[in-house]
Amino acid sequence: VLDATNRIEDLDGALQRPGRFDRKIIVGPPTVATRAEILRIHVRGKLVEDGIDFERIARLTPGMVGADMKAIVNEAALLATREDADKITSDHFVRAIENVVVGHKDRGRRLSAPDRKAVAVHEAGHAIVQAALGRGKNVARVSIIPHSLGSLGHNLNTPEEEDDSLLQTTEDIMRDVAHLLGGRAAEQICLGSVSTGAADDLGRANELVHRLITRWGLSAALFNRVLDSERMEWSDNTAQLVDTELSRLLREAYEQAMGILTTNRLVLDAMAAELLEREELSGAELTSRLSVVTLLRDAAR
């Protein structure tokens, strides 16, 4: 008898006694190569243009599983059908991923002129910080078109060359935090104030830094300490140290993002203006815009 579940913690203990379901085979999320092969399986029988790089498309889907890959192929086919296209193209797949991740484009949702400018500055800030950190090729698309799941704009990013690494250093994590804070930093630089648009970014940044301090033992003040709030009582002094470290690391990442965007202010202004005019940037055009961004290591010299 075989059984499958993604909620093993909910199984009755009697089912897991020796002689019953006692052998467990853990099936983790598929790798980039596996996701690409799953895409190839689901496009069988469909009209797809020649030369599609399924590995590149798969890199846009970190953490997704087989069911997500099927949904993306179906969504791409629907997009091609609505446009009376002869075949499903790479662009259909990229747009399908956007629809799955952030929802469908909501062009009926009208933003005020100040809000559109703030969103354009915010999304340009994310992309430029990413590029300055040496990840410019990872930015696949920048959009300021509202989507049905509530997003007013977004960056569609491709992870590093291989997104299946299980290990991250302090520097890796803090680069991710600086990228998350890049949108708010851009607002402060260009608009002189910040908005509520960074709420999701701030939540993710705070969570990353909190894990760095309490779960991964990577902060200077609490190095090698693992603090499990569910299993141990924190002293007032420890809680204060965590709070101080959280504020320090967030401040340092924000200052790094501010420095990057100040150095690349001309690129930031130009990209925000272009987004206001065209609403989306992708492909070779986006790569060209980000290729002139001053890398962080070059700015530090």
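For clarity, every value in this text was computed on a predicted model and none was experimentally measured.

A.B. asks: Account for a nonpolar patch on the surface, with residues named and values stated.
C.D. replies: Together, Val 1, Leu 15 and Phe 21 make up a nonpolar patch on the protein surface, roughly 310 Å² of accessible area in all. Here Phe 21 lies in the segment before helix H1 (32–42). With a relative accessible area of 30%, Phe 21 lands in the partly exposed category.

A.B. asks: Which residues make up the pairing of strand E1 (residues 139–143), and what values do they have?
C.D. replies: For a regular strand, side-chain orientation follows a simple rule: the groups alternate between the two sheet faces. With respect to burial, E1 is a largely interior element, five of its five residues being buried. For E1 and strand E2 (residues 154–157), the ladder comprises four bridges, and the chain directions are antiparallel. Each bridged residue has a counterpart across the sheet, and for Arg 141 the counterpart in E2 is Leu 156. Bridging between E1 and strand E3 (residues 280–282) involves three bridges; their strand directions are antiparallel. Pairing of Arg 141 across the sheet is with Ser 282, part of E3.

A.B. asks: Quick one: what's the story with the pattern of salt bridges, residue by residue and with numbers?
C.D. replies: Within the structure shown, the criterion is met by 20 salt bridges. The salt bridge involving Arg 175 is made with Asp 172; its shortest N-O contact spans 2.5 Å. In this pair, Arg 175 and Asp 172 are both assigned in helix H6 (residues 170–191), three residues apart and thus about one turn of the helix distant. A residue is classified by how much of its surface remains accessible, and Arg 175, at 28% relative accessible area, is partly exposed. Residue Arg 248 is joined to Glu 252 by a salt bridge in which the shortest nitrogen-to-oxygen separation is 2.8 Å. You can see Arg 248 and its partner Glu 252 sitting in helix H8 (residues 236–263), four residues apart, about one turn around the helix. Overall, the relative accessible area of 23% leaves Arg 248 in the partly exposed class.

Criteria and cut-off values
- Residues numbered from 1 in each chain as written.
- Predicted model: local features only at pLDDT ≥ 70, side-chain atom pairs only at ≥ 80, totals over all residues.
- Heavy atoms only, no water.
- Patch = residues over 30% accessible without salt bridge, like charges linked within 9 Å, V, L, I, M, F, W, Y side chains within 5 Å.
- Areas by Shrake-Rupley, 256 points an atom, 1.4 Å probe, with all protein chains shown as cover.
- Salt bridge = Lys/Arg side-chain N within 4 Å of Asp/Glu carboxyl O.
- Helix = DSSP H or I, 4+ residues; strand = E, 2+ residues; numbered from the N terminus.
- Buried < 20%, exposed > 50% of the residue type's maximum accessible area, 1.4 Å probe, protein only.
- Pairing = 2+ DSSP bridges.

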